[in-house]
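Summary of structural features
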Amino acid sequence: MIWTRVDYDKPGKQNGWLQLPHSVTRSAYGNISIPITVIKNGEGPTAFLMAGNHGDEYEGQVALCKLIRSIEPDQIQGRIIIMPAANLPAAMAGVRVSPIDQGNLNRSFPGDPNGTVTYALAHYIDTVLYPMADVHHDLHSGGSSLQYLPFASMRLSQDEALNQRSVSALKAFGAPIGLVWAYSPDKRLSSVAAVNRNLVALGGEFGGGGAVTTRGVEIVERGLQNLLAHVGITDGKQAHGDFAGPTRLMEIKSVDYYVYAPEAGLFEPATQLGDMVRAGQLCGHVHFVDNPGRMPEPCYFEGDGMVICKRHFGRVERGDCVVHLATDV
């Protein structure tokens, strides 16, 4: 259903929209206009850069808007496709999922062309944009509910040659932490779909708590310039900022890296981001303010590692992730 007046093969810079038909009372023949930019000069590789997969994750959205305004066709060799607010309804509302269909774009791949708006968008990304690309970066952060130590990431595939190219790109991006997802809690992710298309596909979490972090934006800006130079689209002269490096490679290997709330209540963490913990160590307590005489319910770490992510909100429901770990590769 999605159409666009953008010509992906036309030289120059085009700022346009993907038009996703959406008929409602106020607009019978209306469209959701999702911004997309294509910058092309000559022959060369294609980088597809995306943010706003979740609407309340902002560092990537800011960095891609700045890149769109700053980079010109004569600075590149090849093509850059940029979607700074992929799930536009969610981005405009500042929420994780689309307010139109409650769709989580990053749980909708490979999508459905005849599905709701979020599934139709996932299908377009998977079947039209991914096949054009050589490298993909889907920029995330913790959103409203999580806080992260900033990291770039890649996801392991069954193709060892692709894994090696992805690790090389991850190191070139140059985030302080490079995370390898050896375990995936869900198979409906954009990164899984991109890997299935044989793409060098990076991701990452660059902030959280529903805020725009200066450090996160700087890491993304510098990293994107490094990535574009790494794949040969730019000459690297546009890179800025300093990172002492090298990237610390870490991984997530199993469900034991995650801690979940055992009961609904108010979670009091016992650790902070960056802490090193051991299996059996206290992660925190869930308190019951509606029944203050009840003893709090503890939860414990299932493995060793570093706290790379923690919940931002105090209130929890049973099954909410409150912390997850990473370990050195």
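Whatever comes next refers back to the structure up there.
These numbers come from a predicted model, not from an experiment.

The subject of this paragraph is the sheet that holds strand S13 (residues 265-269). Taken in spatial order, the four strands of this open sheet run S16-S15-S13-S18, and their pairing is antiparallel. Bordering the open sheet on either side are strand S16 (297-300) and strand S18 (315-316), each of which pairs with just one other strand.

Two numbers describe how helix H4 (residues 160-173) lies on helix H6 (residues 214-230): the axes approach to 7 Å, and their chain directions differ by 130°. Considering their axes alone, H4 and H6 lie oblique with respect to each other. In the crossing of H4 with H6, the sense of the turn from one axis to the other is right-handed. Listed contacts from H6 to Ser168, Ala169, Ala172 and Phe173 of H4 are Ile219, Val220, Gly223, Leu224, Asn226, Leu227 and His230. Of the residues that constitute the contact of H4 with H6, the class distribution is seven nonpolar, four polar and no charged.

Further remarks concern the pattern of salt bridges. What the rule picks out here adds up to eleven salt bridges. Across the pair lysine 66 and glutamate 221 runs a salt bridge, and its minimum N-O distance is 3.2 Å. Pair noted here: lysine 66 is in helix H1 (residues 59-70) and glutamate 221 is in helix H6, with a separation of 155 residues, a long-range link. The partner of arginine 197 in a salt bridge is aspartate 126, with the nearest N and O atoms 3.3 Å apart. Of this pair, arginine 197 sits in the loop between helix H5 (190-196) and strand S10 (200-205) while aspartate 126 sits in helix H3 (residues 117-132); the two residues are 71 residues apart in sequence, bridging distant segments of the chain. A network of salt bridges, in which partner residues are shared, links Arg107, Asp186 and Arg188.

Our focus in this paragraph is unusual backbone geometry. A cis amide bond, omega 10°, links phenylalanine 109 with the succeeding residue proline 110. Within the fold, proline 110 resides in the loop between helix H2 (88-93) and H3. Here glutamine 102, not a glycine, exhibits a phi torsion of approximately 60°, which is positive. For glutamine 102, the location among the structural elements is in the loop between H2 and H3. Positive phi outside glycine occurs at asparagine 198, with the angle close to 65°. Within the secondary structure layout, asparagine 198 lies in the loop between H5 and S10.

This part is about the packing of aromatic side chains. Counted according to the given criterion, the structure contains seven aromatic pairs. Among the aromatic side chains, those forming a connected cluster through ring pairs are Phe48, Phe109 and Tyr130.

We now examine the side chain of asparagine 106. One can find asparagine 106 in the loop between H2 and H3. Of the residues examined, asparagine 106 reaches a relative accessible area of 8% and is grouped as buried. Of note is the side chain of asparagine 106, whose polar atom sits 2.9 Å from the backbone nitrogen of serine 190. Apart from the residues within four sequence positions on either side, asparagine 106 is in contact with Asn53, His54, Asp138, His140, Arg188, Leu189 and Ser190.

Glancing now at H6. An ideal rise of 1.5 Å per residue puts 24 Å on 17 residues; H6 measures up with 24 Å between its terminal C-alpha atoms. Gly216, Val217, Ile219, Val220, Glu221, Arg222, Gly223, Leu224, Gln225, Leu227 and Leu228 are the residues of H6 that are buried. Turning to H6, the residues buried within the fold contact strand S4 (46-50), H1, strand S5 (78-83), strand S6 (135-138), H4 and S10. Where H6 ends, the next residue or the one after it, glycine 232, has phi of about 90°, a positive value.

So, on to the environment of valine 180. For valine 180, the location among the structural elements is in strand S9 (residues 177-181). Look at valine 180 and you get buried, because its relative accessible area is 8%. Separated by 111 residues in the primary sequence, valine 180 and arginine 69 place their C-alpha atoms 31 Å from one another. Among all residues touching valine 180, those that are not within four sequence positions of it are Met154, Leu156, Leu170, Met250, Glu251 and Ile252.

Taking 1.5 Å as the rise per residue, H4 with 14 residues should run 20 Å; its terminal C-alpha atoms sit 20 Å apart, in good agreement. For H4, the set of buried residues is Leu162, Asn163, Ser166, Ala169, Leu170 and Phe173. Looking straight down H4, one finds that the buried residues subtend no more than 125° of arc, so they occupy a single side. Capping the start of H4 is the job of one residue whose side-chain oxygen sits 3.0 Å from the backbone nitrogen of alanine 161: aspartate 159.

Both strand S1 (residues 3-4) and strand S2 (residues 12-21) contribute to a ladder of two bridges, which runs antiparallel. Within the sheet, the bridge partner assigned to threonine 4 lies in S2 and is leucine 18. Strand direction decides the pairing type here: S2 and strand S3 (residues 31-41), joined by ten bridges, are antiparallel. Each bridged residue has a counterpart across the sheet, and for leucine 20 the counterpart in S3 is isoleucine 32.

Before going further, it helps to examine the pairing of S10. Most of S10 is tucked away: six of the six residues are buried. Residue alternation in S10 divides its side chains into two sets, Val200, Leu202 and Gly204 and Ala201, Gly203 and Glu205, and both sets are buried. Across three bridges, S6 lies against S10 in parallel orientation. Within S10, the position partnered with histidine 137 by the bridge is leucine 202. Relative to S10, strand S8 (residues 151-155) is paired through four bridges, and the arrangement is antiparallel. In the sheet register, methionine 154 faces S10, and the bridge partner there is leucine 202.

Parameters and conventions
Residues numbered from 1 in each chain as written. Predicted model: local features only at pLDDT ≥ 70, side-chain atom pairs only at ≥ 80, totals over all residues. Heavy atoms only, no water. Pairing = 2+ DSSP bridges. Helix = DSSP H or I, 4+ residues; strand = E, 2+ residues; numbered from the N terminus. Axes fitted to C-alpha atoms, helices over the stretch in contact; angles between N-to-C directions. Parallel < 35°, antiparallel > 145°, perpendicular 65-115°, else oblique. Left-handed = near helix turned anticlockwise from the far one by under 90°. Contact = heavy atoms within 4.5 Å. Nonpolar A, V, L, I, M, F, W, Y, C, P; charged D, E, K, R; others polar. Salt bridge = Lys/Arg side-chain N within 4 Å of Asp/Glu carboxyl O. Phe/Tyr/Trp six-rings, centres within 6.5 Å; stacked < 30°, edge-to-face > 60°. Buried < 20%, exposed > 50% of the residue type's maximum accessible area, 1.4 Å probe, protein only. Polar contact = N/O pair within 3.5 Å; in protein donor to acceptor, adjacent residues only side chain to side chain. Expected span 1.5 Å × (residues − 1). Arc of directions from axis to C-beta.

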